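# Survey of secondary and tertiary structure
Chain by chain, the residues:
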Amino acid sequence: MTATIAPAATARDTGALRGYWRTFAALLARDLRVMRRHLLSFTARTVVQPVLNIFVFAVVLPSIGFGAGQAFAAGGQGQSFATILVPGLVASGIVIQGIFAVTTPLIMELSYTREIDDRVLAPVPVWTVGVEKIAFGAVQGLAAGLVVFPAVLLIHGPGEAPRVDFGNWPLLVAVLVLSSLLTSCLGLLIGTLLPPHQLSTVFAIFIVPMMMLGCVYYPWATLEPIRWLQVGVLVNPLVYVSEALRAALTPTVPHMSLAAVLAVLAVGTLVTGGLALWSFKRRLVG
Amino acid sequence: MADVAVETSDLKKTYTTSSGAIEAVTGLSLEVRRGELFGLLGPNGAGKSTTIGMLTTRIIPTGGTASVGGADVVRDPLTVKRRIGVVPQYNTLDRQLTVLENLEFRGRYAGLSARAARQRALDLLELFSLGPRAGAKVTEMSGGQAQRVMIARALMHHPEVLFLDEPTSGLDPQTRVNLWDVLRQMRAEGSTIVLSTHYMEEAESLCDRIAVIDHGTVLACGELAELKSQSGPETVLALTYDGEAEKIVGQVRQMDGVLRAEASGTSLRAFTRVPESILAALVLVGPDAGLSLIDVRIVRPSLETVFLTLTGREYRE
Ligand SMILES: Nc1ncnc2c1ncn2[C@@H]1O[C@H](COP(=O)(O)OP(=O)(O)O)[C@@H](O)[C@H]1O
Ligand SMILES: [Mg+2]
């Protein structure tokens, strides 16, 4: 073996942008490889909760005579409860997976193991590593949404079939992509701000309320009688994802104005993303 | 100057913490030449990791400048990152990946194609006698193996300068010596290496030049022989008593053969060139003045006497 340790005689000089792209692609390839290894647990984690939700609300309750669905008949304009739930459960699947996909590994990498240090030594600006985390989190959020979709479409009791309209698919794609990006930005922000031992606390005080009050089980408009709650839940990002998916999938169910939700999703993504990258850099360069 | 690999000038870092400011590096200047194995020697908390952090773009200095191969670490961090390989003080291997993948992905992060990265990774693993461990999980590595994987990983993109932060701390003596051989071989092949250590023995036996640092500044810098001549060929007799040594230091200074003497707390240090001829008389001084002798140490001219001379304190490893 010859002196392969010694410095290279010729330095490769690719353009700066091409160099960034190569590094970005390598970071993404690393995350994809790790994800592939955990594909089964990823799928299980993603589908169990929405499947149980749809099972209880669209199969069990109607069958045993608790008319959860009928109770919504008025507000939901005669829709089956499953029709209300499909966009909501897809939304919560995206949001919860999108956040956890980024937050959980990041907290480990930033604290006990400092594994991320080596990636930060790549010859790219530190924010590139953060942008990759956002991109990969969005991929996982999107994948989660796509896994939840068929599950919640197919499971329902007799006469409870959801009525979902895929006609406006460009809008659907836009909503799915924006929602995934927003949630992975949120994941990055939480992951950089959170002390490692607080992960379960976050689940209890942040994710569970977000889910329960995220217009997953009811359209936002039906909260009208509880005005303070209707206003209060507007801080919850899941509300906008649920409502945007309602606008795209079940346009006959009452939903927020499309322009408004899209604007909130877009601006929210930019602001959260900016904050998250700033916070990420602050954690990595002292 | 073309032959300067690393340069710092009045480099400073003050950490701001909730409990106040910590001056970790307080004006550190040094120069590492191309092709040398340079040691940063200092006790725990001296500022070694902070200095290496600044040189490797991970910590932003609060004063002064630093550059690697002429590229400024603050203004041009990307050029610096392209030129350096880093082995941090703690194991930062990617636990989700195998040994081989750790190397491959480091190469790809640095811009190598997947194929080139794989080939380079296999070559390096072979070179570091890690070939059979290529597919192993990094959590299954022993301390010495993990350290070699970290070094191999740091070399993936052919860096001009390799930084190692306390690479042998926590390793058993045999593994440490093996690692020294690896570093010596790399140096022989023309690599520039900067390593920090708190082991005097490591600096003495391994490094071409040594910067002795404490409290964030360079106390002395040069080849071992130069450093030793700075403190003279003096031996230090270090005595510890059960009471204040101050009350006998005057008397010790009057003794024949004692060049200097100083006391701090219960310890007394006498600098001499003829330790054998004064030792017998010296140990009697304390008991005569009512002090019991607890410990006597003879410190021959070495980095330790350099440190003692420069700081007036014993080196705490
Ligand atoms: N992130 C940090 N925040 C605050 N103080 C720090 C930080 N890192 C190191 N220090 C302090 O700076 C000093 C130098 O530390 P360090 O550079 O790690 O020394 P060494 O590597 O020589 O042991 C120590 O007093 C240490 O406690
Ligand atoms: Mg250190």
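Residues numbered from 1 in each chain as written. Chains lettered and ligands numbered in written order. Predicted model: local features only at pLDDT ≥ 70, side-chain atom pairs only at ≥ 80, totals over all residues. Heavy atoms only, no water.

### What about the site of ligand 1?
Residues and elements named next belong to chain B.
- Near ligand 1, the surroundings consist of Tyr15, Thr17, Ile22, Ala24, Pro43, Asn44, Gly45, Ala46, Gly47, Lys48, Ser49 and Thr50.
- Within the backbone of glycine 47, an N or O atom sits 3.0 Å from an oxygen atom of ligand 1.
- A distance of 2.5 Å is found between an oxygen atom of ligand 1 and a side-chain nitrogen or oxygen belonging to threonine 50.
- The fraction of the free accessible surface of ligand 1 (560 Å²) that becomes covered by protein chains is 63%.
- Considering every element that reaches the shell around ligand 1, the biggest residue donor is helix α1 (residues 48-55), with 3 residues.
- Along the lines of polarity and charge, the residues of the shell around ligand 1 split into 5 nonpolar, 6 polar and 1 charged. (Near = heavy atom within 4 Å. Polar contact = N/O pair within 3.5 Å; in protein donor to acceptor, adjacent residues only side chain to side chain. Areas by Shrake-Rupley, 256 points an atom, 1.4 Å probe, with all protein chains shown as cover. Helix = DSSP H or I, 4+ residues; strand = E, 2+ residues; numbered from the N terminus. Nonpolar A, V, L, I, M, F, W, Y, C, P; charged D, E, K, R; others polar.)

### Some thoughts on the domain arrangement of chain B
- Taken domain by domain, chain B comprises domain 1 (4-230) and domain 2 (234-300).
- Just the C-alpha atoms count here: the centres of domain 1 of chain B and domain 2 of chain B sit 40 Å apart. (Domains from an automatic or database assignment.)

### A few points about the interface of chain B and chain A
- Listed by partner, the interface residues are 38 residues for chain B and 35 residues for chain A.
- Around 3400 Å² of area is buried between chain B and chain A when both sides are counted, 55% of it from carbon and sulfur atoms.
- Broken down residue by residue, the surface that chain B buries against chain A is led by B:Arg58, B:Lys81 and B:Tyr109, which jointly contribute 23%.
- At the junction of chain B and chain A, the tally comes to 8 salt bridges.
- Two residues, B:Arg95 and A:Glu115, come together in a salt bridge whose shortest N-O distance is 3.6 Å.
- On the surface where chain B and chain A come into contact, there are 17 residue pairs in polar contact (both at pLDDT 80 or more).
- When contributions to the side of chain B that touches chain A are tallied by element, the ones reaching two or more residues are α2 (77-83), α3 (99-109) and α4 (114-127) of chain B.
- At 5 residues, α3(B) tops the list of elements feeding residues into the side of chain B that touches chain A. (Contact = heavy atoms within 4.5 Å. Buried area = accessible area lost by both parts, 1.4 Å probe. Salt bridge = Lys/Arg side-chain N within 4 Å of Asp/Glu carboxyl O.)

### Observations regarding the environment of B:Val299
Residue and element names in this part refer to chain B.
- With respect to the element layout, valine 299 can be found in strand β14 (residues 293-299).
- Accessibility expressed as a relative area gives 4% for valine 299, which makes it buried.
- Through-space distance from the C-alpha of valine 299 to that of valine 236 is 5.0 Å; in sequence the pair is 63 residues apart.
- In contact with valine 299, not counting residues within four places along its chain, are Glu234, Thr235, Val236, Glu304 and Thr305. (Buried < 20%, exposed > 50% of the residue type's maximum accessible area, 1.4 Å probe, protein only.)

### Quick look at the sheet that holds strand β12 (residues 258-264) of chain B
All names here are of chain B.
- Judged by pairing direction, the sheet is antiparallel, and its 4 strands sit side by side in the order β12-β13-β11-β14 without closing on themselves. Each edge of the open sheet carries a strand with a single partner, namely β12 and β14. Averaged over neighbouring strand pairs, the angle between their axes works out to 15° when direction is ignored.
- One ladder, built from 6 bridges, connects strand β11 (residues 235-241) with β14; its direction is antiparallel. Across the sheet, leucine 237 pairs through a bridge with isoleucine 298, a residue of β14.
- Where helix α9 (residues 246-253) meets the sheet, its contacts fall on β11, β12 and β13 (267-272), and the angle it forms with β12 comes to roughly 175°.
- Sheet strands touched by helix α10 (residues 275-288): β11, β12, β13 and β14. Its angle to β11, the strand with the most contacts, is close to 15°. (Pairing = 2+ DSSP bridges. Axes fitted to C-alpha atoms, helices over the stretch in contact; angles between N-to-C directions.)

### Quick look at the coordination of the magnesium ion (ligand 2)
All names here are of chain B.
- Each protein donor to the magnesium ion (ligand 2) is listed here as Ser49 (OG) and Gln89 (OE1); together their distances run 2.0 to 2.4 Å. Taken together, the positions of serine 49 in helix α1 and glutamine 89 in the loop between β6 (84-87) and α3 put the pair 40 residues apart, joining distant regions of the chain.
- Classification of serine 49 by relative accessible area gives partly exposed; the value is 30%. (Donors = N, O, S within 2.8 Å, 3.2 Å for Na, K, Ca; no water.)

### Thoughts on helix α1 (residues 16-37) of chain A
- Taking 1.5 Å as the rise per residue, α1(A) with 22 residues should run 32 Å; its terminal C-alpha atoms sit 32 Å apart, in good agreement.
- Considered for burial, the residues of α1(A) that qualify are A:Gly19, A:Thr23, A:Phe24, A:Ala26, A:Leu27, A:Arg30, A:Asp31, A:Val34 and A:Met35.
- Contacts from the buried residues of α1(A) go to α2 (39-63), α4 (81-110), α5 (116-120) and α6 (126-154) of chain A together with α3 of chain B. (Expected span 1.5 Å × (residues − 1).)

### Digging into the sheet that holds strand β3 (residues 37-41) of chain B
Residue and element names in this part refer to chain B.
- The 6 strands are arranged β6-β7-β8-β3-β9-β10 in an open sheet whose pairing can be described as mixed. Here the strands that pair on one side only, and so sit at the sheet edges, are β6 and β10 (217-222). Across the sheet, the axes of successive neighbouring strands diverge by a mean angle of 15°, strand direction being ignored.
- Pairing of strand β7 (residues 161-165) with strand β8 (residues 192-197), which is carried by 5 bridges, proceeds in the parallel orientation. Counterpart to leucine 162 in the pairing with β8 is isoleucine 193.

### Looking at α3(B)
- In terms of residue burial, α3(B) counts as a mostly covered element, since 11 of its 11 residues are buried.
- Here α3(B) has its buried residues at B:Val99, B:Leu100, B:Glu101, B:Asn102, B:Leu103, B:Glu104, B:Phe105, B:Arg106, B:Gly107, B:Arg108 and B:Tyr109.
- Where α3(B) is buried, its residues contact α1 and α5 of chain A together with α4 and α5 (143-154) of chain B.
- Positive backbone phi, at 110°, marks B:Gly111, one or two positions downstream of α3(B).

### Considering the environment of A:Leu265
All names here are of chain A.
- Within the secondary structure, leucine 265 sits in helix α11 (residues 258-284).
- C-alpha of leucine 265 to C-alpha of alanine 244: the two residues are 21 residues apart in sequence and 8.9 Å apart in space.
- The contact partners of leucine 265, leaving out residues within four places of it in the chain, are Leu178, Ser179, Leu182, Tyr240, Val241 and Ala244.

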